[in-house]
Amino acid sequence: MLDNYGTPTIELVRGEGMYLFDSNGERYLDFLGGIATSLLGHAHPEIVSAVTKQISTLSHISNLYANPTALQLAEKLTEMTVGGRVFFCNSGAEANEAAIKISRLTGKSRIIATDGAFHGRTMGALSLTGQPNKRTPFEPLVPGVTHVPFGDLVAMEEALALGDVAMVIVEAVQGEAGVILPPPGYLLALRELTTRYGALLACDEVQGGMGRTGKWFSYQHEGITPDIVTVAKGLGGGLPLGATIAVTPAAQLFTPGSHGTTFGGNPTSCAAALATIAVIESTELLESNARLGGVLKDGLSAIEGVRALRGIGLWIGIDVEDAPAVVRELQSLGVLVNAAGPHTIRLAPPYIVTESQISEFISFLGQAIRKVAS
Ligand SMILES: Cc1ncc(COP(=O)(O)O)c(C=O)c1O
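Note that this is a predicted model, so its numbers are computed, not measured.

Chemist: Whenever I open this one, the overall build of the protein chain confuses me. Can you help?
Modeler: Regarding its fold elements, the protein chain presents twelve helices and 15 strands. Rg of the C-alpha trace for the protein chain: 20 Å, near the compact-globule value of 21 Å for 374 residues, within the 12% margin. With respect to the three principal axes, the spread of C-alpha positions in the protein chain is 60 × 50 × 40 Å. By residue count, 55% of the 374 residues in the protein chain fall in the buried class.

Chemist: How should I be thinking about the pairing of strand β1 (residues 12-16) in this particular structure?
Modeler: A regular strand places its side chains so that they alternate between the two faces of the sheet. As judged from the four bridges shared by β1 and strand β2 (residues 19-22), these two strands associate in the antiparallel manner. Within β2, the residue paired with R14 across the bridge is F21. In this structure, the hairpin formed by β1 and β2 is closed by a connection of two residues, where G17 is found at a positive phi of approximately 60 degrees.

Chemist: How should the packing of helix α3 (residues 68-80) against helix α9 (residues 267-282) be read in this particular structure?
Modeler: Describing two packed helices takes the angle between their axes plus the distance from one axis to the other. It is at 9 Å that the axes of α3 and α9 come closest, and there the two elements cross at 40 degrees. It follows that α3 is oblique to α9 by the angle criterion. Read as a crossing pair, α3 and α9 show a hand that is left-handed. Together, T69, A70, Q72, L73, K76 and M80 of α3 and P267, C270, A271, A273, L274, I277 and E281 of α9 make up the contact between the two elements. Here the residues of the contact of α3 with α9 sort into nine nonpolar, two polar and two charged.

Chemist: Can you help me understand the sheet that holds β1 in this one?
Modeler: Adjacent strands of a sheet pair through backbone hydrogen bonds, lying either parallel or antiparallel. Taken together, the four strands give an open sheet; going across it, the order is β1-β2-β3-β13, and neighbouring strands pair in mixed fashion. Lying at the two open borders of the sheet, with one neighbouring strand each, are β1 and β13 (335-336). Bridge count between β2 and strand β3 (residues 27-30): three bridges; the pairing is antiparallel. Bridged to L20 within β3 is Y28.

Chemist: Would you explain the site of the ligand in this entry?
Modeler: The full set close to the ligand counts 13 residues, and G92, A93, D204, Q207 and K233 are the nearest of them. The protein chains hide 83% of the 390 Å² of surface that the ligand would expose on its own.

Chemist: Would you take a moment to explain the packing of aromatic side chains for this structure?
Modeler: Each pair of aromatic rings is reported with the distance of its centres and the angle of its planes. For the coordinates displayed, the defined rule picks out four aromatic pairs. Ring plane angle 15 degrees and centroid distance 6.2 Å describe the contact between F217 and Y219, whose orientation is recorded as stacked. Y219 gets classed as buried once you look at its relative accessible area, which sits at 1%. A cation sits over an aromatic face here: R27 above Y19, 3.9 Å from the ring centre.

Chemist: Honestly, the sheet that holds strand β10 (residues 242-246) in this entry has me stumped. Any pointers?
Modeler: In spatial order, the strands read β4-β10-β9-β8-β7-β5-β6; together these seven strands make up an open sheet with mixed pairing. With one partner strand each, in any of the chains shown, β4 (85-89) and β6 (145-148) form the two edges of the open sheet. Direction aside, the axes of adjacent strands within the sheet are offset by 20 degrees on average. In the sheet, strand β8 (residues 200-204) pairs with strand β9 (residues 228-231) via three bridges, with the strands oriented parallel. Across the sheet, A202 pairs through a bridge with I228, a residue of β9. Contacts between helix α7 (residues 153-161) and the sheet are confined to β5 (110-114), β6 and β7 (165-170), with β5 contributing the most and set at about 170 degrees to the helix.

Chemist: Help me out: how do you make sense of the environment of P183 in this one?
Modeler: One can find P183 in the loop between β7 and α8 (186-197). Overall, P183 belongs to the partly exposed group, its relative accessible area being 41%. P183 sits 32 residues away from G151 along the chain, and the two C-alpha atoms are 6.1 Å apart. Filtering out sequence-adjacent residues up to four positions away, P183 remains in contact with G151 and E222.

Chemist: Hey, could you run me through the domain arrangement of the protein chain in this one?
Modeler: One widely used convention gives an interface's size as the accessible area the parts lose upon coming together. One can read the domain layout of the protein chain as domain 1 (3-30 + 285-373) and domain 2 (47-282). A straight line from the C-alpha centre of domain 1 to that of domain 2 covers 26 Å. In this complex, domain 1 contributes 18 residues to the contact, which on the side of domain 2 involves 20 residues. Here domain 1 meets domain 2 over a buried area of about 1600 Å², counting both sides, of which 62% is carbon and sulfur.

Chemist: Any chance you could explain the pattern of salt bridges here in plain terms?
Modeler: Close approach of charged atoms lets side chains of opposite charge pair. Within the structure shown, the criterion is met by eleven salt bridges. Residue R14 pairs with E16 through a salt bridge whose shortest N-O separation is 3.0 Å. With relative accessibility at 42%, the residue R14 sits in the partly exposed group. Overall, E16 belongs to the partly exposed group, its relative accessible area being 47%.

Chemist: So what exactly am I meant to see when it comes to the environment of H343 here?
Modeler: When you line up the elements, H343 lands in the loop between β14 (338-339) and β15 (344-347). Taking the C-alpha atoms as reference points, H343 and N266, separated by 77 residues in sequence, lie 39 Å from one another. Among residues more than four places away in sequence, those in contact with H343 are R307, I318, D319, V320, E321 and A323.

Chemist: Looking at this structure, I do not really get α3. What am I missing?
Modeler: Owing to its 3.6 residues per turn, the α-helix brings residues three or four apart onto one side. Taking 1.5 Å as the rise per residue, α3 with 13 residues should run 18 Å; its terminal C-alpha atoms sit 18 Å apart, in good agreement. For α3, every residue scored as buried is listed here: T69, A70, L73, A74, K76, L77, T78 and M80. For α3, the secondary structure elements touched by its buried residues are α2 (45-55), β4, β10 and α9. Residue N67 occupies the N-cap position of α3, its side-chain oxygen lying 3.2 Å from the main-chain nitrogen of T69.

Calculation criteria
Residues numbered from 1 in each chain as written. Predicted model: local features only at pLDDT ≥ 70, side-chain atom pairs only at ≥ 80, totals over all residues. Heavy atoms only, no water. Helix = DSSP H or I, 4+ residues; strand = E, 2+ residues; numbered from the N terminus. Rg over C-alpha atoms; globule rule 2.2 N^0.38 Å. Buried < 20%, exposed > 50% of the residue type's maximum accessible area, 1.4 Å probe, protein only. Pairing = 2+ DSSP bridges. Axes fitted to C-alpha atoms, helices over the stretch in contact; angles between N-to-C directions. Parallel < 35°, antiparallel > 145°, perpendicular 65-115°, else oblique. Left-handed = near helix turned anticlockwise from the far one by under 90°. Contact = heavy atoms within 4.5 Å. Nonpolar A, V, L, I, M, F, W, Y, C, P; charged D, E, K, R; others polar. Near = heavy atom within 4 Å. Areas by Shrake-Rupley, 256 points an atom, 1.4 Å probe, with all protein chains shown as cover. Phe/Tyr/Trp six-rings, centres within 6.5 Å; stacked < 30°, edge-to-face > 60°. Lys NZ or Arg CZ within 6 Å of the ring centre and 35° of its normal. Domains from an automatic or database assignment. Buried area = accessible area lost by both parts, 1.4 Å probe. Salt bridge = Lys/Arg side-chain N within 4 Å of Asp/Glu carboxyl O. Expected span 1.5 Å × (residues − 1). Polar contact = N/O pair within 3.5 Å; in protein donor to acceptor, adjacent residues only side chain to side chain.

Structure, rendered in structure tokens:
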């Protein structure tokens, strides 16, 4: 493989519930969930059964034909979000690419995004990503994108006032930047500003969506209705699937031939998504994510060496002196998490995590921080 991921230190061969197993037979407690993706852990029986049934019935047909599984999922997603219509793709970057293309069809050309945001690695999505170290080697990117500080409404209004803004795109909570919450009222004000200046408001819910924060989508904590919502990661229950959900008038901008992708709405991925949503609903995981997030935060706040703690639901950023060293130490103790920067550890455990696994994690983290400090 190309060296873009570096060389991993372990090879994982099997997963079961909250645990992963490597090729040497070592077991790991998974508090990363495939980077906020394996919402129901590994090999969840409902997903295995839905995928097995779908793949043995109809696995792929292209978008020249309709398939009932994708239609059912589209209907469900519009109920969970803002109504409107859905475009299916395979990843978060692609979901944002579709949002960029929809915005261009408004006839305006500029897009405003925020510093620190992560929207993906394809050239369009990277143009929205507000992290210079990821962007600079690939410039020139898509023109017309302005970045303003996250949470800064004055800078946002100044950028909007320059005119020709097709879309403002934000993560309601910035995930890759270290689970950063904006000041209360930020999204409400953004909704008001974008409406006033005639720009679309897109919420990138690729990482924060699908229930992680205790609501289906993190923008819902402020009760706004965006024009576009992008979703991926956990949507497919471990299979590749992304979606761009748009409400009118944005929903009417794509017409036949505007956009497409071979695997978009793939029946197998859609079946996995429907099973994932059904389990989250039937076992009331939104409520339990909100509650378990509180338990996790309480425990973490008592650990010496934790400099700061941010988060909402089962999505937490922990600031420590040397995050990569703590991540390595945790891995040697049999726990998987990742560093979202030199000083931040990001937790995004599967929603099936139990209180006793949370206690176990807290004790391992304390141990790892002490070891790194010694
Ligand atoms: C908020 C957000 N948007 C977009 C992406 C890109 O998603 P993908 O890696 O599926 O292209 C990510 C990935 O981490 C993300 O966190």
